[in-house]
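# Structural features, examined
The chain contents come next:
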Protein chains: 2
Amino acid sequence: MSQRARYIVGVDLGGTNIVVGAMPEDGSREIAFRSQPTHAAQGADLVVERMIQMIEDVITVVIAETGATRADFLGVGVGAPGPLDRALGMVITAPNLGWKMFPLRERIQSATGLQTTLDNDANCATLGEWFTGAARGAKNVIGVTIGTGIGGGIIIDGKLFHGSSDVAGEIGHMTIDSTGRRCGCGNYGCLEAYASGTAIAERAREALASEVDGVLFRMCGGDLTKITAQMVYKAATDADPVAVDVVRETARFLGAGIGALLNVLNPDVVVLAGGVVNAGEALFGPLKAEVRRRAFAPAVDACRIVPGELGGSAGVVGAIAGFKAQTGITSA
Amino acid sequence: MSQRARYIVGVDLGGTNIVVGAMPEDGSREIAFRSQPTHAAQGADLVVERMIQMIEDVITVVIAETGATRADFLGVGVGAPGPLDRALGMVITAPNLGWKMFPLRERIQSATGLQTTLDNDANCATLGEWFTGAARGAKNVIGVTIGTGIGGGIIIDGKLFHGSSDVAGEIGHMTIDSTGRRCGCGNYGCLEAYASGTAIAERAREALASEVDGVLFRMCGGDLTKITAQMVYKAATDADPVAVDVVRETARFLGAGIGALLNVLNPDVVVLAGGVVNAGEALFGPLKAEVRRRAFAPAVDACRIVPGELGGSAGVVGAIAGFKAQTGITSA
């Protein structure tokens, strides 16, 4: 006799898209995952209204598909750009959204009548890969998500580690070159200043400055301002020498940061996510070689470095897993 | 009516000295702490014999001073140079001692008849400062011990964090300059290559190469090969400009590493130990300024950066605290 299934809704609020979906509490499947543009410029109220509408739509689909009732929904987990005050459920500041001190948890909770938890989006992405993705079953995990910037999350002994003031996991802002490139954070030589999507496109532009042909040059129509990190990954898989060089350098920078993390935290899995995983072996080959050069052998031998498996769903899955962890609800 | 006190013996095995002492299980005081030269060149058997003799001497003193009996001794905690296999109680390799795959825990346990635990010396030093020193009562702690090399330890939620294969905490081998100075580990740009005692003396030699006078120059009698890190700290407190510069640079390098650790681990305390704390405010002032430049404000605001309080006793105190943690014995 099986127990009646219970469901949790997850929300991943990004600067570009909102992704919402549901899972049974045991994480056994993804139901009704869907994405809509955030339209942050319309202001916080309209963004929250859209989130609530998406949550209600997902609940309706789950009920229709499974025969569940509203009482079978345990709550809502939300991942949002940080920094956050988890205790208060507030987004302290989110530059991409234009939000400051916004009581997101309370707004979702009062509109849906469902218990709601809040966590950092990069933490959620890491927790998602641990819950049902590439780091399933691992004990100590470091997640590195490469997009516009570099986000990170740390799992210690199977639990998300938040640090002493909810800031832990800012892996993009490790110094890898103390007198190096200026970073958006104001500091010099952060990993993010070398290996974020933004930095990868920038380095490709620098490398192409004296070129007049090649795959990457043609992809941007000769207009270097049009180069994106995605173009670089694509051109690298097409063996464009400039793109291959940029990806190889990216791997070296990431290897310096991830190697340091292996020496400090000795994880069993590092999950790399974001568009960069599209570069495939052109990235992972030299990355693993660099980590092996930089970290102690027992740390390297204990650790798998793998691409994320959940893609754009990782944040939602992690928000659901975060709801379980924060509320103490465990799967049957 | 007070319960009868129980005692734990701690041992800190270093390449230069062996320190042994005892504490009541609640850590309320240090009893019979004493130090002897290791004489590692005499071979492992004689070193272990000396350790056992020192343990027995300490037990005798505690019994004489407190009226305890041998049955009141819960066991022995040992800190030793790593890497170690804690599960097997083996020193895997200790270059300073010339040991390989040495069953240290079993040797101490069978000779004393007391339950024995083993942990890494840098972990013990950090745990000691957490148990009764500068990080008392803290939740998340990073210990940085600067000697010949740079050792480290990490406490997460009040417990020593060992990582997935007992390597965690190798803070000296974070890359702070990915194309920088060669490190003893074979890598380039490790924190240890810039800020260990060895590196500090080396940088002072480089800075003095074109000098013919000054406090530091006179301290070494004009023979630059005689310069030690201790001389540099001393000369800096005497306002020697070359030494002050070397200490300020050291603070910048340490600040890059510690700043990265604040962004990644967001601790509430960083404890700095070793001879370097003798440089006092000449070090801590610019170090804190550099960390504030490099780390996010909520991480900086949450964290005290302090000198260790236990000096040469930290390792013994931490070995005792480690015995409690590994055996599950908690103080009354």
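Residues numbered from 1 in each chain as written. Chains lettered and ligands numbered in written order. Predicted model: local features only at pLDDT ≥ 70, side-chain atom pairs only at ≥ 80, totals over all residues. Heavy atoms only, no water.

This next bit is on empty space enclosed by the protein. Residues and elements named next belong to chain A. Scanning the model with the defined rule gives three cavities of 30 Å³ or more in all. The calculated volume of the largest cavity comes to roughly 60 Å³. Lining the largest cavity are Ala125, Thr126, Glu129, Val141, Gly143, Val144, Thr145, Val271, Ala273 and Ala314. When residues of the lining of the largest cavity are traced back to their parent elements, those giving at least two are α3 (121-132), β9 (141-146) and β12 (269-274). At four residues, β9 tops the list of elements feeding residues into the lining of the largest cavity. Both domain 1 (7-129 + 313-327) and domain 2 (137-308) contribute no fewer than three residues apiece to the lining of the largest cavity. Considered as a void within the structure, the second largest cavity measures approximately 40 Å³ in volume. Every residue along the wall of the second largest cavity is listed here: Gly82, Pro83, Leu84, Arg86, Asp119, Asn120, Asn123, His162 and Asp166. (1 Å grid on protein atoms, 1.4 Å probe; cavity = no way out; pocket = protein on both sides within 12 Å on 5 of 7 lines; lining within 4 Å. Points joined across faces, edges and corners; volume = space filled by probe spheres on them. Helix = DSSP H or I, 4+ residues; strand = E, 2+ residues; numbered from the N terminus. Domains from an automatic or database assignment.)

Moving on to the nonpolar core. Among the nonpolar cores identified, the biggest contains 117 residues, and Leu265 of chain A together with Leu265 of chain B are the most heavily contacted of them. Not counting the four nearest positions on each side in its chain, Leu265 of chain A is found in contact with Ile142 and Ile154 of chain A together with Ile154, Phe161, Gly163, Ala168, Val264 and Leu265 of chain B. (Core = buried A, V, L, I, M, F, W, Y, C linked by side-chain atoms within 4.5 Å. Buried < 20%, exposed > 50% of the residue type's maximum accessible area, 1.4 Å probe, protein only. Contact = heavy atoms within 4.5 Å.)

Residues and elements named next belong to chain A. Spatial strand order, β3-β2-β1-β4-β8: five strands in an open sheet with mixed pairing. In this open sheet, the two edge strands, each paired with only one partner strand, are β3 (31-37) and β8 (116-120). Neighbour-to-neighbour, the strand axes of this sheet turn through a mean angle of 15 degrees, independent of strand direction. Direction of pairing for strand β4 (residues 73-80) relative to β8: parallel, over a ladder of five bridges. Pairing of Gly79 across the sheet is with Asp119, part of β8. Where helix α1 (residues 44-66) meets the sheet, its contacts fall on β1 (7-13), β2 (17-24), β3 and β4, and the angle it forms with β3 comes to roughly 160 degrees. (Pairing = 2+ DSSP bridges. Axes fitted to C-alpha atoms, helices over the stretch in contact; angles between N-to-C directions.)

Take helix α5 (residues 197-208) of chain B next. Side chains three or four residues apart in an α-helix point the same way, a direct result of the helix having 3.6 residues per turn. All names here are of chain B. Helix length check: α5 (12 residues) gives 17 Å between terminal C-alpha atoms against 16 Å at 1.5 Å per residue, within 8%. Within the span of α5, buried status applies to Gly197, Ala199, Ile200, Ala201, Arg203, Ala204 and Leu208. Packing partners of the buried residues in α5 comprise β9 (141-146), α4 (192-195), α6 (215-219), α7 (229-237) and α8 (241-265). (Expected span 1.5 Å × (residues − 1).)

Residue and element names in this part refer to chain B. Here five strands make up an open sheet; going across it, the order is β3-β2-β1-β4-β8 and the pairing mixed. At either margin of the open sheet sits one strand with a lone partner, and together these are β3 (31-37) and β8 (116-120). When strand polarity is set aside, the average angle formed by the axes of neighbouring strands in this sheet is 15 degrees. As defined by bridge partners, strand β1 (residues 7-13) adjoins strand β2 (residues 17-24) across seven bridges and the pair is classed as antiparallel. Note on β2: the bridge partner recorded for Val9 is Ala22. Packing of helix α1 (residues 44-66) onto the sheet brings it into contact with β1, β2, β3 and β4 (73-80), and relative to β3 it is tilted by some 160 degrees.

The next point concerns the packing of α8 of chain B against helix α9 (residues 281-294) of chain B. All names here are of chain B. For the pair α8 and α9, interaxial distance at closest approach is 7 Å and the crossing angle is 40 degrees. As the angle between them shows, α8 and α9 are arranged oblique. Here the hand of the crossing between α8 and α9 comes out right-handed. Of the residues in α9, those touching α8 at Val247, Arg248, Thr250, Ala251, Arg252, Leu254, Gly255, Ala256, Ile258, Gly259, Leu262 and Asn263 are Ala282, Leu283, Pro286, Leu287, Glu290, Val291 and Arg294. Residues belonging to the contact of α8 with α9 are distributed by class as follows: 11 nonpolar, four polar and four charged. (Parallel < 35°, antiparallel > 145°, perpendicular 65-115°, else oblique. Left-handed = near helix turned anticlockwise from the far one by under 90°. Nonpolar A, V, L, I, M, F, W, Y, C, P; charged D, E, K, R; others polar.)

Residue and element names in this part refer to chain A. One pass over the structure, following the stated rule, counts 32 salt bridges over all chains. Here Lys139 ties to Asp157 by a salt bridge, and the two come within 3.6 Å at their closest N and O atoms. With Lys139 in the loop between α3 and β9 and Asp157 in the loop between β10 (150-156) and β11 (159-160), the pair connects residues that are 18 residues apart, well separated along the chain. The class of Lys139 is partly exposed, set by a relative accessible area of 44%. Look at the salt bridges and you will find they share partners, linking Glu290, Arg293 and Arg294 into a network. (Salt bridge = Lys/Arg side-chain N within 4 Å of Asp/Glu carboxyl O.)

Many descriptions give the size of an interface as the accessible area lost when the pieces come together. Each side of the interface is counted separately: chain B has 38 residues, and chain A has 38 residues. Between chain B and chain A the total buried area reaches about 3200 Å² when both faces are included, carbon and sulfur atoms providing 55% of it. Of all residues in chain B, Phe161, Val264 and Arg294 of chain B bury the most surface against chain A, accounting for 19% of the area lost on that side. Scanning the region where chain B abuts chain A turns up zero salt bridges. (Buried area = accessible area lost by both parts, 1.4 Å probe.)

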